[in-house]
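Residue-level structure breakdown
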Amino acid sequence: MNPRMLNGADFSRLENLLESTSSPRPTPEQQNALRAVLEETKSTPNLSELECCVALGDRLTLVSPLDSRDWYKPEIVMPAEADLDQDLISVLMPIGLAVLGRRIGERISWETPAGTREMTITAVRKQALV
């Protein structure tokens, strides 16, 4: 699998989140998961490399490889901005960690209470490339 790609600003925001003492504060489990993601993430200023990668603030389309009618369009946000009713998903949720820095066309998986969920990233709508 390709390395995850993020811009420097998002990378720094996520590193700062690890050290955060404000609410909502990541649990130790979330901190470990985020550390693991950052260890496999490459920070780059190259906008052309980032156009197809999921970053903070992006709205993406996920489609099940088994049924194209099974899709989901979350937006990945910082924990304080999360609102499940509006599909604003915290980067610290399993799905947020799974998609962060991944590219269009990649199949991702994450754990849910019902078991492992697997979907393919079919589109990324960028909020802003900084």
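Anyway, here's the lowdown on the structure attached to this text. Just so it is clear, the model here is predicted, and its values are computed rather than measured.

Each helix and strand counted, the chain has four helices and eight strands in total. Seen in sequence order, the chain has helices and strands lined up from the N terminus as β-α-α-β-α-β-β-β-β-α-β-β. For the chain, the C-alpha atoms occupy an extent of roughly 40 × 35 × 25 Å along the three principal directions. Within the span of the chain, comprising 130 residues, buried residues form 44% of the whole. Long-range pairs, those at least 24 residues apart, make up 57% of the contacts in the chain between residues at least 6 apart in sequence. When the accessible surface of the chain is summed, it comes to about 7,200 Å², and 50% of that surface belongs to carbon and sulfur atoms. Measuring between centres, the 14 positive side-chain charges of the chain sit 3 Å from its 19 negative side-chain charges.

Turning our eyes to something else, we now look at the pairing of strand β3 (residues 59–63). The buried fraction of β3 is high, at five of five residues. Neither face of β3 is left uncovered, since the one carrying R59, T61 and V63 and the one carrying L60 and L62 both have all their residues buried. Examined bridge by bridge, β3 and strand β8 (residues 115–125) share five bridges and lie antiparallel to one another. Residue pairing for β8: T61 is matched across the bridge by A123.

Right, let's talk about helix α1 (residues 8–18) for a bit. Those residues of α1 that fall on the buried side of the exposure criterion are D10, F11, L14, L17 and L18. Angular distribution of buried residues about the axis of α1 spans 120 degrees; they occupy a single face of the element. The elements touched by buried residues of α1 are β1 (4–6), α2 (28–39) and β2 (41–43).

Attention shifts here to the side chain of R4. Tracing the backbone through its elements, the reader meets R4 in strand β1. Polar contacts involving the side chain of R4 include one to the main-chain carbonyl oxygen of L100, which spans 2.8 Å.

Turning to the packing of aromatic side chains, a few remarks are in order. Tallied over the full model, the rule gives zero aromatic pairs. Lying over the aromatic face of W71, K73 brings its terminal NZ or CZ to 5.7 Å of the ring centre.

This part covers the state of the cysteines. Per the counting criterion, the structure on display carries zero disulfides. This cysteine, C52, is not joined by any disulfide, and C53 carries the nearest cysteine sulfur, 4.4 Å off. For C53, a relative accessible area of 1% puts it in the buried group.

What follows deals with α2. Given a rise of 1.5 Å per residue, 12 residues ought to cover 16 Å, and the 16 Å separating the end C-alpha atoms of α2 matches this to within 8%. Those residues of α2 not exposed but buried are Q31, L34, V37 and L38. Down the axis, α2 shows its buried residues gathered within 125 degrees of arc, on one side only. Those residues of α2 that are exposed and aimed more than 90 degrees away from the buried face are P28, E29, N32 and E39.

Cut-offs and rules
Residues numbered from 1 in each chain as written. Predicted model: local features only at pLDDT ≥ 70, side-chain atom pairs only at ≥ 80, totals over all residues. Heavy atoms only, no water. Helix = DSSP H or I, 4+ residues; strand = E, 2+ residues; numbered from the N terminus. Buried < 20%, exposed > 50% of the residue type's maximum accessible area, 1.4 Å probe, protein only. Contact = heavy atoms within 4.5 Å. Areas by Shrake-Rupley, 256 points an atom, 1.4 Å probe, with all protein chains shown as cover. Lys, Arg positive; Asp, Glu negative; His and termini not counted. Charge placed at Lys NZ, Arg CZ, Asp CG, Glu CD. Pairing = 2+ DSSP bridges. Arc of directions from axis to C-beta. Polar contact = N/O pair within 3.5 Å; in protein donor to acceptor, adjacent residues only side chain to side chain. Phe/Tyr/Trp six-rings, centres within 6.5 Å; stacked < 30°, edge-to-face > 60°. Lys NZ or Arg CZ within 6 Å of the ring centre and 35° of its normal. Disulfide = S-S within 2.5 Å. Expected span 1.5 Å × (residues − 1).

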